[in-house]
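An overview of the molecular structure
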Amino acid sequence: MKYGYFNDQDKEYVITAPDTPLPWINYLGSEDFFSLVSNTGGGYSFYKDAKMLRLTRYRYNNVPLDSNGHYYYINENGTVWNPGWQPSKTPLDFYQCRHGLGVTRLTGKKNGLCASVTAFVPLGDSCEINQVTLKNESSQSKDFTLYSYVEFCLWNAMDDMTNFQRNLNIGEVEVEGSVIYHKTEYRERRNHYAYYSVNTDIQGFDTDRNTFTGMYGSNENPAMVQNNRSGNSMASGWSPIGSHRILLHLEPGEEKTFVFILGYAENEQELKWSAPGIINKEPSNTVLEKYRTALDVKIALEKLKQYWDDLLSIYNVTLEEEKTARMVNIWNQYQCMVTFNMSRSASYYESGTGRGMGFRDSCQDLLGFVHMIPERARERIIDIASTQLLDGSAYHQYQPLTKRGNMDIGSGFNDDPLWLIAGVSAYIRETGDWDILKEDVPFDNDASKSQPLMEHLRRSFEFTRSHLGPHGLPLIGRADWNDCLNLNCFSTEPGESFQTSGPSEGPVAESLMIAGMYVKYGKEYAEICRLTGLEEEALDAEASVKKVYDAVIESGWDGGWFLRAYDALGNKVGSKECREGQIFIEPQGFCVMGGIGIEEGLAEKALDSVKERLDTPYGILLLQPAYQTYYKELGEISSYPPGYKENAGIFCHNNPWIAIAETIIGRGNRAFEIYRKTAPAYTEEISEIHKTEPYCYAQMIAGKDAANLGEAKNSWLTGTAAWTFVCISQYILGIRPSFHGLIVAPCLPDSIREFSAVRKYRGASYHIHVIRKGETGNRISSFLVDGTSIEGNEIPFREGKKEYHVNLTLE
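Overview of the structure. (Residues numbered from 1 in each chain as written. Predicted model: local features only at pLDDT ≥ 70, side-chain atom pairs only at ≥ 80, totals over all residues. Heavy atoms only, no water.)

**Some thoughts on the sheet that holds strand S24 (residues 397-398)**
Strand pairs in the sheet, formed through backbone hydrogen bonds, run parallel or antiparallel to each other. What the three strands build is an open sheet, ordered S23-S24-S25; its pairing is antiparallel. Both edges of this open sheet fall to strand S23 (357-358) and strand S25 (405-406), since each of them pairs with a single strand only. Inspection of the sheet shows S24 paired to S25 by two bridges, in the antiparallel sense. By the bridge assignment for S25, Tyr398 is matched with Gly405. (Pairing = 2+ DSSP bridges. Helix = DSSP H or I, 4+ residues; strand = E, 2+ residues; numbered from the N terminus.)

Okay, here's the thing in structure tokens:
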């Protein structure tokens, strides 16, 4: 069942029914100010950090679902409704939500009145703009009232939800004309405030929630809206809100447009006040003046559209497989940019109250957006590397506001250091910017401990080399990529952390996942060394990589697939010898991606075992058989009910690893089969089963052991976005950067016989056309660059050359 449709021309998903299986959201903002908005107007806003600078309040895990947002109420002769249906849920005569790139448009119609809301965050300013247009489509004149509504958060989102003995006493506001100022805590330790405005005279306002809703009311049926009046309330303690009241008269066919702005403003300490107790409104006034009219808003929207058009023009394909083209050209890249902005900090599943940015997460997300915003990718790499510890290990997370590592979960996730090599390697291959390796970068944000970035990579590599276990395989530490595989922690008490209880790290438990990473990224590190003149170091790195490669072959092969790990007692994990959890997805993907077992014939066997034992119609399971019992020596992975999350769920994030591995051994049909199963455009038809948005990837889908096979959760903020884009763009379509130039080496399914692509790379545009002569086959029979035949599959980069015309024939 579908709840809408794709509009590829306008780069939108159009939702035609408000009661989607879950809230289907969009992200507004691309710089410092962000809003999340659902298809019914729910959501929240923040500046830079979703925990520390939250502007509006949201209630997670609430009943009714998605019940707080940026709302507009219309009261016409006692009938109260919202353009986005929620929160009043009054049946509408027409409903539509258009989620686009950084913009959402909601339209509702009731009794001949049309109300539309266009919401977006403009480039260059820290605010959300809502353009509200009301049109009388009836043959009778109309008199009605429009109410706006936001509920302010008291800045620290975690404290806001818990510290009521303080927070129910600190709310403060100012009102000046049509602007409501949220200045809670501004008198003492803050120099920032929020403001909520409309560009017209108002006939009333409210800033006290209890006055607006009624003491025992709710935002579904606010007392002031029902009574068609305003209390002109001034919040003092309790919960501040912002609500404007506008009386309207429209003749038939007449329409009126208003500009509402929710913004964040900051003052220098010495410029906080314009008069005693009166905040300095100069920064907010500057923004309000900039977006005073509908024309101002139109210009800002055009700039935002051009911004996204420019970003998406860097990699663009034309092919008959419409759903693939839709994902490659629009939605997959858009989601990659959202993960750049958010990491794993703020979604409808990640509450934005703790995690901040992930070290591993941000490094691998970079793989999906580095081609679009290389200069910001460079900044992100420096931010990440600055949190690295002196021994090469890393804080697992850092806060975006301070850019310092946090100890909420600590360090000791032993895959983290290798992800820094992966991110830097991807950046250099994309940009050719070798100077980044010379950039002085602190360890643990301590400027006195600064070293060139190359030294950070060196310590990343050395950390893994110096942390090998009894079989010569990398030690897992607290966990590797799978944070729920906790082989050193032994948690037995409810409520304690699975990752930090017990010893957390140990000298025995080893990871085949990290082994595959070490081989793959160790080779890339060695190549970086060689290309920067460190030949001896390159040879030494390659020798170390070879030892781990050999250890995987000797101690990591289980007869039909690669083991997952050895636990703290030296027992195998992910082996046919195990009663449960006999085969895992991760090492089958990463070991083959690292080239392990290809010459020995093991790679094909491992991938065949994945298809035989882990395949489902909705994607590849993380493991089988599911754990039916909690094993303290394995940790959180066995704590989930069978079929959910890491316990035999379909973890979409690592499905692309298997697809990439399949292209490496030349099986394009199987790679594309895997790609299609989790690609949102291909799951749109089963939205009632899948439930999450049909335009973005989810983290996980319930597996075959679960009661709800095929049901997705945790959409948007997932490494699935970056890895799937790498899979389809660099390996199936086969256009990928190297240190020396651009490689074109497709591994196509039989269903794709021809495609064209434009790839902008290091200041040049590559116009690529690929065609297959026969029915099947991916062997290159002809490779022409500007009409000249070249050997191999790599187009050498030439400084100053701006256009390349590439024709590739497969057979």
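**A look at the pattern of salt bridges**
A full pass over the atoms with the stated rule returns 64 salt bridges. Residue Arg429 is joined to Glu524 by a salt bridge in which the shortest nitrogen-to-oxygen separation is 3.5 Å. Residue Arg429 is found in helix H10 (residues 416-431), and its partner Glu524 is found in helix H12 (residues 512-531); the two are separated by 95 residues along the sequence. The class for Glu524 is buried, based on a relative accessible area of 12%. The salt bridge involving Arg530 is made with Glu535; its shortest N-O contact spans 3.0 Å. Looking at Arg530, the relative accessible area reads 32%, which means it is partly exposed. The class for Glu535 is partly exposed, based on a relative accessible area of 36%. Put simply, Glu604, Asp608, Asp615, Glu662, Arg667, Arg670, Glu673 and Lys677 are held in one network by salt bridges that share partners. (Salt bridge = Lys/Arg side-chain N within 4 Å of Asp/Glu carboxyl O. Buried < 20%, exposed > 50% of the residue type's maximum accessible area, 1.4 Å probe, protein only.)

**Details of helix H5 (residues 282-290)**
If you check which residues of H5 are buried, you get Ser284, Val287 and Leu288. When H5 is viewed along its axis, its buried side chains cluster within an angular range of 100 degrees and face the same direction. Relative to its buried face, H5 has exposed residues pointing more than 90 degrees away, namely Glu282, Thr286 and Glu289. In this structure, the buried residues of H5 make contact with strand S12 (127-136), strand S15 (179-182), strand S16 (192-198) and strand S19 (255-266). (Arc of directions from axis to C-beta. Contact = heavy atoms within 4.5 Å.)

**Re helix H20 (residues 720-732)**
Across the 13 residues of H20, 13 count as buried, placing the element largely inside the fold. The first or second residue beyond H20 is Gly734, which carries a positive phi of 80 degrees.

**Some words on the environment of Leu390**
Note that Leu390 resides in the loop between helix H9 (374-385) and S24. Residues Leu390 and Phe443, 53 residues apart in the sequence, show an inter-C-alpha distance of 5.9 Å. Other than its neighbours up to four places away in sequence, Leu390 contacts Phe443, Lys449 and Arg459.

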